[in-house]
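Survey of secondary and tertiary structure
Residue-level listing of the chains:
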Amino acid sequence: MADLTKQRLSDPFQAPRASRYSAPENGGDALPLPYGDLTTVQGVDRGVYLCPRIDTTGAGTYCVAGFGIQGTVSLFDGAGLIPPGNYTLNLANDFQGKGVIATAAFSVAPDEFVEAICKGRKDAAGALIENPASLAEEMLLNLWGFTAQEVDNRTLSTARTLFSALGYKAAGVIQEDHAPQEVLQGLLGNFLASFDVDPAGRIAFFSSGEETASIHPVLLVPSREIRARREWDLASVVNQVPVLYGKNFSFLDGRMKRHDDGETAKDAASQKLYGVRLPSQGRLSLEWVRDQAVARTIQARVVERMAEPARVVEITDESLRAIQAGEGDYAAFTVPWLRTERLEEMVNQIGQVLSVTPDLNAQRVTLRLRDTGYFLTTAKLLDGSWSLGGGALLGGGRDRVVYA
Amino acid sequence: MKPASLAFLNEMEKHGDLNQALVLFALSNANGVRFFCRRGIPEALVGQSGGVWFLDGTWVLDGSVKLGEDSEALLGLHDWVLDGGAYSQGRFLGLNPLDLFARNELSTLSLRLSNEPDAEGHPRMSRIAATEPLVNARLDVRAGFEGQTLADVLQLASFRVTRVVERKEDVTLECEAA
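Residues numbered from 1 in each chain as written. Chains lettered and ligands numbered in written order. Predicted model: local features only at pLDDT ≥ 70, side-chain atom pairs only at ≥ 80, totals over all residues.

If you tally the helices and strands in chain B, you get three helices and eight strands. For chain B, the α and β elements follow one another from N to C terminus as α-β-β-β-β-α-β-α-β-β-β. The 178 residues of chain B split such that 32% are buried. Counted over contacts in chain B with a minimum sequence separation of 6, partners at least 24 positions apart contribute 64%. (Helix = DSSP H or I, 4+ residues; strand = E, 2+ residues; numbered from the N terminus. Buried ≥ 20, exposed ≤ 12 C-beta atoms within 10 Å, placed from the backbone. Contact = placed C-beta atoms within 7 Å.)

Structure below.
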């Protein structure tokens, strides 16, 4: 099941082309598929994406969106904003019986090209789809043809709630052939999330760095036969994140229109300790972000997570039990000689699996774990056997029992 | 050449190439400075410097500066060096550290320190690594002679700690030239 879903995610999606219509200007032009609010960043007298001429009859008919949309649309040509009187919009037009699209039929021929700004696809309730999780769901179900059973609703719902709380809004235009996984990675990656296919073949969503809720380790790393080491690396520190956002999707432009140097969201204390540390590529390029507040939230989340060097624990397990762990899983481990920042022995510490490297010849598995700083905790049963003398925590204390 | 360096060279001449120099690794981070050596370090070879900020209302505590910045708290003198990388005996091109000093070029350094348990049972470097920011700390390599003073200590090279690898037996500070 999982392999089949992965295969479909990597199969190229063929963007709808103008050739489906009887008299296009260029049959190879792809129809634009706009999502989210594309009105927030625009150039001077320019649109955000290019509209193909799908009918050359008269002054021409242009495709504004490859599906039906609602709301205000502005069109631009080589001379700037086109007077609305020069064209007739039909935002839900079953053009030539080939399916519903949004069109602009011109009475006066535009100058050179037509670009548009608009708000993209809406949901059944008429609300603009701009939550990145909802957008991913929309594309999975209604663009790429996955079924609702192939989407893990629990992780989707969790991601949607988180994105909503963070105020995330995504917007972008698809106008070329692509593999669904590439678009999903780009979309979710912009918002520090990712996806994976579970063994049942469902597409599950993950948002990195959210460990404020409960963590459920899937593995207790055997502690008797392990060799361990811990690393801190300066290269893992990021305390300022310059970003580019507000992409113009027109083939005539293609540039990112907004830049934020990350000064607002930087961590001054971390910079004092480790110097100014930027992402390895210098700046992040957020193609699906058009809103400054969203860009700054993303900057702040990256800095919050990476302002200190990652504590990476590498464990070599010769029992092979750790082979069941997967990337991103949480695992509890015990390395008694390691110390926490409170000088506690590292017993039942929880790490997130960064990599699993099995060596079946040597019969061992090497796990690399990011120390979350959290640990398995105990709770005391109030059965009359405890004296509340202030000597222990009722709950939340470190579980010091070594289980394996 | 500075008078201190001249004095040092004179001292080297007096002692000959008999490896009498102590190689000192001074690790400075936000908490203070620690000195590491293969042998016990005479306090006379360790200096402190810096300033104290008076809280007289002229400083804005907005996170951009640290109180006591540039002051240097001495955190410890430790004879925990297991392997000083290129500065270890036997890895010199010649017999004394000044060969390296003369060549003046080392782009990287790996300093391996013992992680044996301390008096309280904590692995001593693990304890430090858990509570002090070692990454990006400055590591100065200095050379001096027993019986001499701070004025005769010679600065050989400076590095920045880029990676810390902690094992049960030892902790390695991987450094790049500052």
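As a further point, take the nonpolar core. Val64(A), Ala116(A), Leu22(B), Leu24(B), Phe25(B), Cys37(B) and Leu139(B) are the most contacted members of the largest nonpolar core, which totals 115 residues. If you tally residues by element for this core, the top one is strand E1 (residues 21-29) of chain B, at seven residues. Excluding anything up to four places from it in sequence, Ala116(A) contacts Gly47(A), Val48(A), Tyr49(A), Cys51(A), Val64(A), Val73(A), Ser74(A) and Leu75(A). (Core = buried A, V, L, I, M, F, W, Y, C linked by C-beta atoms within 7 Å.)

Taken together, the contact between chain A and chain B spans 19 residues of the former and 21 residues of the latter. Going through the elements one at a time, strand E14 (226-233), helix H5 (268-274) and strand E19 (330-339) of chain A are the ones with two or more residues in the side of chain A that touches chain B. For the side of chain A that touches chain B, the class distribution of residues is ten nonpolar, two polar and seven charged. Sheet analysis places E14(A) next to strand E7 (residues 154-166) of chain B, joined by four bridges and oriented antiparallel. Within E7(B), the residue paired with Trp232(A) across the bridge is Val164(B). (Nonpolar A, V, L, I, M, F, W, Y, C, P; charged D, E, K, R; others polar. Pairing = 2+ DSSP bridges.)

Glancing now at unusual backbone geometry. Residues and elements named next belong to chain A. Positive phi values are uncommon outside glycine, yet Glu112 reaches one of about 70 degrees. Here Glu112 lies in the loop between strand E8 (100-106) and strand E9 (115-117). Phi is positive for Leu343, close to 60 degrees, though the residue is something other than glycine. As for its placement among the helices and strands, Leu343 is situated in the loop between E19 and strand E20 (345-359). Take Leu343: there are 12 C-beta atoms within 10 Å of it, and that puts it in the exposed class.

A regular strand places its side chains on the two faces of the sheet in alternate fashion. Residue and element names in this part refer to chain B. In terms of burial, E1 is largely enclosed, as seven of its nine residues are buried. Of the pairings in the sheet, the one linking E1 to strand E6 (residues 138-145) comprises eight bridges and is antiparallel in character. Each bridged residue has a counterpart across the sheet, and for Ser28 the counterpart in E6 is Arg138. What sits between E1 and strand E2 (residues 32-36) in their antiparallel hairpin is a turn of two residues.

All names here are of chain A. Considered domain by domain, chain A is made up of domain 1 (2-9 + 131-207), domain 2 (15-117), domain 3 (219-233 + 311-398) and domain 4 (237-306). The straight-line distance from the C-alpha centre of domain 1 to that of domain 4 is 23 Å. Across the contact, 14 residues belong to domain 1 and 13 residues belong to domain 4. Of all the secondary-structure elements, those providing two or more residues to the side of domain 1 that touches domain 4 are strand E10 (172-174) and helix H4 (180-190). Among the elements that take part in the side of domain 1 that touches domain 4, H4 stands out by supplying three residues, more than any other. Of the residues that constitute the side of domain 1 that touches domain 4, the class distribution is eight nonpolar, five polar and one charged. (Domains from an automatic or database assignment.)

Attention now moves to helix H6 (residues 292-306) of chain A. All names here are of chain A. Given a rise of 1.5 Å per residue, 15 residues ought to cover 21 Å, and the 21 Å separating the end C-alpha atoms of H6 matches this to within 8%. Listed as buried for H6 are Val294, Ala295, Ile298, Gln299, Val302 and Val303. Buried-residue contacts for H6 involve strand E15 (243-247), strand E16 (256-260) and strand E17 (284-286). (Expected span 1.5 Å × (residues − 1).)

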